[in-house]
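# Observations on the model geometry
Residue-level listing of the chains:
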Amino acid sequence: MVWDPDNPQAAPRRIMKPASVRREIEDSLRRLGVDHIDLYQVHYPDTGESLEYAGGGFGAVSPNATPLEEYWQVMADLKAEGKVRAIGLSNHSAQQLEAAERIAHVDVIQPPFSAINRSAAPEIAWAAAHGTGVIVYSPLQSGLLTGTFSAERVDRLPADDWRTAHHDFTTGLAANLRLADALRPVAERHGATVTEVAIAWALAWPGITGAIVGARTARQVDGWITAGAVELTRADLDEIATAITTSRAGTGPARP
């Protein structure tokens, strides 16, 4: 994501041109004072256009976009040169992952994944079949699976909050809240929070290596920091799968 230095308030562009990637890695190595980066990932496919964020919605691909084959080759070159130890792709489709794998092994992928947004199941399955690690992000679906959201809280969101216009917080809100509420009995049985169960559910999905969980306060971290120790049983997973199906929350398979 490259910003215009002459207009820092403008939306950044998604650029993966080889010269830009090389400049950015060299700048990072210098600023960090290290000789290599452990994991270097492509955040989004290059579209050649400005990045307009609206709750996960991104623009179309421009004819100026750098082809995947071109930017993945430079990532592979950086790994071969020892400047990075592992390379990954975030927000790329299974078809794009297959194309990248023909050039160099995809060490890790980073898709969005939660009990609400299960649409990355094909990419996770692809990773499991290719010995690729999976770090999922947004396992709490922007707070919807914390057990603390309500229709009243959504009504109080500022007008400029992207969630006020997003399906998950409008037409899909009731179903999402039903699913979050269905996690409470599971949480009680494990002496855990709803948040921890939501994260544990993502971690229990075959092929997933880890999860990135956001927090704004230390108190929020306290609500999920031990999620990795919550081991959901087959009965728990069956119960959650039934809740996903009956609540009609989100998209994607309820079980692998």
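Described in the following lines is the structure provided in the data block. (Residues numbered from 1 in each chain as written. Predicted model: local features only at pLDDT ≥ 70, side-chain atom pairs only at ≥ 80, totals over all residues. Heavy atoms only, no water.)

Quick look at the overall build of the protein chain now. Helix and strand counts for the protein chain come out as ten helices and five strands. Computed over its C-alpha atoms, the radius of gyration of the protein chain comes to 20 Å, within 12% of the 18 Å expected for a compact globule of 256 residues. Taken along the three principal axes of its C-alpha coordinates, the protein chain extends 50 × 40 × 35 Å. Within the protein chain, buried positions represent 45% of all 256 residues. Accessible surface for the protein chain amounts to roughly 13,200 Å². Of this, 52% is attributable to carbon and sulfur atoms. Side-chain charges of the protein chain comprise 23 positive and 31 negative groups, with the mean position of each set lying 2 Å from the other. (Helix = DSSP H or I, 4+ residues; strand = E, 2+ residues; numbered from the N terminus. Rg over C-alpha atoms; globule rule 2.2 N^0.38 Å. Buried < 20%, exposed > 50% of the residue type's maximum accessible area, 1.4 Å probe, protein only. Areas by Shrake-Rupley, 256 points an atom, 1.4 Å probe, with all protein chains shown as cover. Lys, Arg positive; Asp, Glu negative; His and termini not counted. Charge placed at Lys NZ, Arg CZ, Asp CG, Glu CD.)

Across all of its chains, the model carries eleven salt bridges by this definition. Between R184 and D181 there is a salt bridge; the shortest N-O distance is 2.8 Å. The class for R184 is partly exposed, based on a relative accessible area of 33%. Of the charged contacts in the structure, one is a salt bridge between R189 and E239, with a shortest N-O distance of 2.8 Å. Linking R189 in helix α7 (residues 184-190) with E239 in helix α10 (residues 234-247), this pair joins segments that are 50 residues apart in sequence. Among the charged side chains, a network of salt bridges with common partners joins R22, E26, E81 and K83. (Salt bridge = Lys/Arg side-chain N within 4 Å of Asp/Glu carboxyl O.)

To continue, consider the environment of L203. With respect to the helices and strands, L203 occurs in helix α8 (residues 194-204). Other than its neighbours up to four places away in sequence, L203 contacts I208, G210, A211 and G228. (Contact = heavy atoms within 4.5 Å.)

So yeah, pure geometry; function would need other evidence.
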